[in-house]
Amino acid sequence: MRRCHTSEVRASLGPNRPGAGQSNFAVVLTNGSRRTCTLYGFPGVAFVNGAGEAVTPNPERATDQPERAVTLDPGDSAWSTLSYTNPAITGVTTVTPAALLVTPPDETDPITVRWTGDKVSNTGKASVPRVSPLMPGNGA
């Protein structure tokens, strides 16, 4: 099975599903090609400003969660949880990103997705966002 390439997938961001002082978003990759392909591991995720420059440290990977191959038929999706503690709780400095750059596993070209969330920490000390390995579905 061939892996999914950036040119074959669309990226989107699900709504915030907050809980216990956490913000939780689904980072979704959908197969927009006409062939079946596979994703394995973590998406690359970066918060950027309007000029495409990183405004926070890279999110941490939730390496305590198992990675698995997700096979996507045309139109199918895989998703990763992007979660972080509300920065107001930890008192860190924040920034409101303009967009999220999402890069499929083993690819180098990112897809720009408009950031619909609130402020995120820009310190790398507390409230650091974490991403989970990709899972089947759209996170709904």
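Look a little higher up for the structure.
Not measured: the values here are computed from a predicted model.

Enquirer: I'd like to hear about unusual backbone geometry, residue by residue, with values.
Expert: For alanine 20, which is not glycine, the phi dihedral falls at a positive 50°. For alanine 20, the location among the structural elements is in the loop between strand 1 (9-13) and strand 2 (22-31). When its relative accessible area of 85% is taken as the criterion, alanine 20 is described as exposed. Although it is not a glycine, aspartate 106 adopts a positive phi angle of roughly 65°. Relative to the assigned elements, aspartate 106 resides in the loop between strand 9 (99-103) and strand 10 (111-114).

Enquirer: Give a detailed account of the pattern of salt bridges, specifying residues and quantitative values.
Expert: Tallying each qualifying case throughout the model produces three salt bridges. Between arginine 35 and glutamate 8 there is a salt bridge whose closest N-O contact spans 2.7 Å. In this pair, arginine 35 sits in the loop between strand 2 and strand 3 (37-40) while glutamate 8 sits in the segment before strand 1, placing the two residues 27 residues apart along the sequence. A salt bridge links arginine 130 to aspartate 64, with the shortest nitrogen-to-oxygen separation between them at 3.0 Å. Here the residue arginine 130 occupies a position in strand 12 (residues 130-131), and aspartate 64 occupies one in the loop between strand 5 (60-61) and strand 6 (69-72), the gap between them amounting to 66 residues. Judged by its relative accessible area of 61%, aspartate 64 is exposed.

Enquirer: Tell me what's going on with the pairing of strand 10, and back it up with residues and numbers.
Expert: Only one face of strand 10 is buried, namely the one carrying Ile111 and Val113, since none of Thr112 and Arg114 on the opposite face is buried. Looking at chain direction, strand 9 and strand 10 are connected through four bridges and run antiparallel. Of the residues in strand 10, the one forming a bridge with leucine 101 is threonine 112.

Enquirer: Explain the sheet that holds strand 4 (residues 44-48) to me, using residue names and the numbers behind them.
Expert: The antiparallel open sheet is built from three strands, whose spatial order is 4-9-10. Each edge of the open sheet is held by one strand with a lone partner, namely strand 4 and strand 10. Put simply, the sheet's adjacent strands are angled 25° from each other on average, direction ignored.

Enquirer: Could you give me a rundown of the state of the cysteines, with the residues and numbers involved?
Expert: Counted under the stated rule, the structure contains one disulfide. Disulfide partner of cysteine 4: cysteine 37, at an S-S distance of 2.1 Å. Residues cysteine 4 and cysteine 37 share a disulfide whose torsion about the S-S bond is about 90°; that sign makes it right-handed. Separated by 33 residues along the polypeptide, cysteine 4 in the segment before strand 1 and cysteine 37 in strand 3 bring together distant segments of the chain. On the accessibility criterion, cysteine 37 (0% relative accessible area) is buried.

Cut-offs and rules
- Residues numbered from 1 in each chain as written.
- Predicted model: local features only at pLDDT ≥ 70, side-chain atom pairs only at ≥ 80, totals over all residues.
- Heavy atoms only, no water.
- Helix = DSSP H or I, 4+ residues; strand = E, 2+ residues; numbered from the N terminus.
- Buried < 20%, exposed > 50% of the residue type's maximum accessible area, 1.4 Å probe, protein only.
- Salt bridge = Lys/Arg side-chain N within 4 Å of Asp/Glu carboxyl O.
- Pairing = 2+ DSSP bridges.
- Axes fitted to C-alpha atoms, helices over the stretch in contact; angles between N-to-C directions.
- Disulfide = S-S within 2.5 Å.

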